[in-house]
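Here's the letter readout for the chains.
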Amino acid sequence: MKNNILGRGLLRLLLGLGALVMAASAQAQTFCVYDPLGAGGDYYSMFQDYQLAAKRWGVQIDLKAYTDDNKLDAAFKSGECDMASMIGMRARGYNQFSGTIDSPSTIENYSQMRDIMSLVASPKLAKYMVSGDYEVDGIVPIGAAYCVTTDRWINSLERGAGKKVAIMSWDKTQQMMADDFKAIGVQTDVTQFGDLFNHGKVDMIIVPMVMYKALELNKGIGTKGGIVRRPMFQFTMQLVGHTAKFPPDFGQKSREYMLTQTDHALSLARNLEAQVDNRLWIYAVHSEVTEWNNTMRAALDHMTRMGFYDKRMLTLLKRVRCKTDLEEPECAPTVEQAKEAGHP
């Protein structure tokens, strides 16, 4: 009789503990999503699929759309958001290693971007994805950021000197770049970014094509402007979470899932670029491209010395570039090593 009473008591205790665990696991985490087009945008739609994937890992997620990345960042800092998707420049404030992907002139094309996405999703780099109380739970490409101008004459960094360029007030590196190129930085935020350009308050704005569409920058281009078809950055969307809010294995599962979305994300970027009127693109000759790279990387070196970028990530980015651009001067040591190994 006594054993039966003890047995029933133990069973009730176990059932009670089980109910608590189930209640805790059923509590949804808030995922704040930045999409310039809001809940109707392609990136919000992508994270609706992510929401279903997380459910299979035992994590319930509620999505909340933001079109203002300042408000999203404030909500994430306050704990209102358990996880947030943000552009890599923002993510650099939470994880310098992953945020360095969105650095000037470090990724030349989408093939290289795909290689980088594979690297950062690898378990071998998992320890670098955690910084303090935060973990980067995945990265997806947004697309190349191009210089959109009000005057087609502004087709090089040299011709941008003395011209006004819109820069985000929260990112010191953008002001440093403007200073290095002798341009005039006009500080703003995402809510005023497009208006400055469309109303002629600045001569240049640097954006990926998803923002070109959302901000209707064709209005500012008018009949005299254009888009310099030379990537200044490759933008990423990075999922940053409060580590303590998620199971220990969540981050790696999430990063591996986001890797499967890379081709879809790159397809979105290409489609947006294809929608731009061909007459707006401004192309550079090879000699100008070389000078462009040298100038951009000199600026990058300056900002790295000032502590804004992670040298380990820059080494990875260079390694990826040198797989395909062996003739570039920066890859000369790699070429010598290839010759020593007997390769042409």
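Values in this document were obtained by computation on a predicted structure and should not be read as measured data. Chains are numbered independently. Their residues run from 1 in the order of the written sequence. The model is predicted, so local features are restricted to residues of pLDDT at least 70 and side-chain atom pairs to those at 80 or more, both for listing and for counting; the totals for chains, interfaces and linings are taken over all residues. Remark: hydrogens and water are excluded; side-chain values derive from all non-hydrogen atoms of the structure.

1. Remarks on the packing of helix H6 (residues 110-120) against helix H12 (residues 262-274)
Relative orientation and spacing of two packed helices are given, respectively, by the angle between their axes and the distance between those axes. Lines fitted to C-alpha atoms define the axes, with helix axes restricted to the stretch in contact, and inter-axis angles between N-to-C directions lie between 0 and 180 degrees. Numbering goes from the N terminus for both helices and strands, where a helix is a DSSP run of H or I of at least four residues and a strand is a run of E of at least two. Where H6 meets H12, the closest approach of the two axes is 11 Å, and the angle between their N-to-C directions is 155 degrees. Relative to H12, the element H6 lies roughly antiparallel. Crossing of H6 over H12 shows right-handed handedness. Contacts between H6 and H12 pair Tyr 110, Met 113, Arg 114 and Met 117 from the former with Thr 262, Asp 263, Leu 266, Ala 269, Arg 270 and Glu 273 from the latter. An angle below 35 degrees is read as roughly parallel, one above 145 as roughly antiparallel, one from 65 to 115 as roughly perpendicular, and any other as oblique. Each helix crossing is assigned a hand: it is left-handed if the near helix lies turned anticlockwise from the far helix by less than a right angle, otherwise right-handed if that turn is clockwise. Contacts: residue pairs with any heavy atoms within 4.5 Å of one another.

2. Examining empty space enclosed by the protein
Method remark: on a 1 Å grid restricted to protein atoms, a set of points is classed as a cavity if a 1.4 Å probe fits but cannot get out and as a pocket if it is open with protein on both sides within 12 Å along at least five of seven lines; lining residues have an atom within 4 Å of a point. Grid points are joined across faces, edges and corners, and a volume is the space filled by probe spheres set on the points. Across all of its chains, the model carries three cavities of 30 Å³ or more by this definition. Lining the largest cavity are 29 residues; nearest its centre among them are Val 165, Ala 166, Ile 206, Met 232 and Phe 233. Of all the elements in the fold, those that place two or more residues in the lining of the largest cavity are strand E6 (164-168), helix H7 (172-180), helix H8 (190-198), strand E8 (204-208) and strand E9 (226-242). Each residue is assigned to one class: nonpolar for Ala, Val, Leu, Ile, Met, Phe, Trp, Tyr, Cys and Pro, charged for Asp, Glu, Lys and Arg, and polar for all the others, Gly among them. Its residues placed into classes, the lining of the largest cavity shows 24 nonpolar, four polar and one charged. Computed from the structure, the second largest cavity encloses a volume of approximately 50 Å³. Forming the boundary of the second largest cavity are Met 117, Val 120, Ala 121, Met 129, Gly 138, Ile 139, Arg 255 and Leu 259.

3. Brief notes about the state of the cysteines
Disulfide assignment relies on a single distance test, namely cysteine sulfur atoms paired within 2.5 Å. Within this structure, the stated rule accounts for two disulfides. There is a disulfide in this structure between Cys 32 and Cys 81, and the S-S distance comes to 2.0 Å. Here the disulfide of Cys 32 and Cys 81 is left-handed, its torsion about the S-S bond being about -90 degrees. Of the two residues, Cys 32 is situated in strand E1 (residues 29-34) and Cys 81 in the loop between helix H3 (69-78) and strand E3 (83-87); the sequence distance between them amounts to 49 residues. The disulfide partner of Cys 322 is Cys 331, and the S-S distance across this bridge is 2.0 Å. An S-S torsion of about -85 degrees defines the bridge between Cys 322 and Cys 331 as left-handed. The pair Cys 322 / Cys 331 is uniform in exposure class, with both members buried. Cysteines bonded in the protein chain are numbered consecutively along the chain; their disulfide partners then correspond to 1-2, 3-4. Buried, partly exposed and exposed residues are distinguished by accessible area as a fraction of the type maximum, computed with a 1.4 Å probe on protein chains only: under 20%, between the cut-offs, and over 50%, respectively.

4. A few points about the packing of aromatic side chains
Working definition: rings of Phe, Tyr and Trp (its six-membered ring) pair if their centres are within 6.5 Å, and the pair is stacked with planes under 30 degrees apart, edge-to-face with planes over 60 apart, and tilted otherwise. Within this structure, the stated rule accounts for 14 aromatic pairs. Between Phe 31 and Tyr 50, the aromatic rings sit 5.6 Å apart at their centres with planes inclined by 65 degrees, giving edge-to-face as the arrangement. Placement of the pair is Phe 31 in strand E1 and Tyr 50 in helix H2 (residues 42-56), with a sequence separation of 19 residues. The two residues Phe 31 and Tyr 50 agree in class, both being buried. Centroid distance Tyr 50 to Trp 57: 5.9 Å. Interplanar angle 85 degrees. Geometry classified as edge-to-face. Taken together, Phe 31, Phe 47, Tyr 50, Trp 57, Phe 246, Phe 250 and Tyr 257 form an aromatic cluster joined through their ring pairs. Arg 90 extends its terminal NZ or CZ atom over the ring of Trp 170, reaching a point 4.0 Å from the ring centre. By definition here, charges over rings are those cases where NZ of Lys or CZ of Arg is within 6 Å of the ring centre and within 35 degrees of the ring normal.

5. As for the layout of surface pockets
One number sums up the size of the largest pocket: a volume of about 300 Å³. Ranked by residues supplied to the lining of the largest pocket, first place goes to helix H13 (residues 286-305) with five residues. Each residue belonging to the lining of the largest pocket can be placed in one class, and the counts come to five nonpolar, four polar and six charged.

6. Regarding the environment of Ala 84
Counting through the fold element by element, Ala 84 comes out in strand E3. Separated by 52 residues in sequence, Ala 84 and Cys 32 have C-alpha atoms that sit 4.6 Å apart.

7. Comments concerning the confidence of the model for the protein chain
Here pLDDT means the predictor's own confidence in every residue, given as a number from 0 to 100. Taken over all residues, the pLDDT of the protein chain has a mean of 88, while the share at 70 or more is 88%. A low-confidence stretch, residues 13-25 (pLDDT under 50), is modelled with two contacts involving residues beyond four sequence positions or located in other chains.

8. Some details on the environment of Val 148
Along the chain, Val 148 falls in strand E5 (residues 134-149). Spatially, the C-alpha atom of Val 148 lies 7.4 Å from that of Val 207, the residues being 59 residues apart in sequence. For Val 148, the residues in contact, after removing those within four places along its chain, are Phe 197, Asp 203, Met 204, Ile 205, Val 207, Tyr 212, Ile 221, Gly 226 and Ile 227.

9. Structural notes on the pattern of salt bridges
For this analysis, a salt bridge means a side-chain nitrogen from Lys or Arg found within 4 Å of a carboxyl oxygen belonging to Asp or Glu. Going through the model one piece at a time under the given rule, you end up with 16 salt bridges. For Glu 108, the salt bridge is made with Arg 297, and the minimal N-O distance between the two is 2.6 Å. Of this pair, Glu 108 sits in the loop between helix H5 (96-99) and H6 while Arg 297 sits in helix H13, and the two are 189 residues apart along the sequence. For the pair shown, Glu 108 and Arg 297 are each scored as buried. Via salt bridges that share partners, Asp 69, Asp 73, Lys 77 and Arg 90 belong to a single interconnected network.

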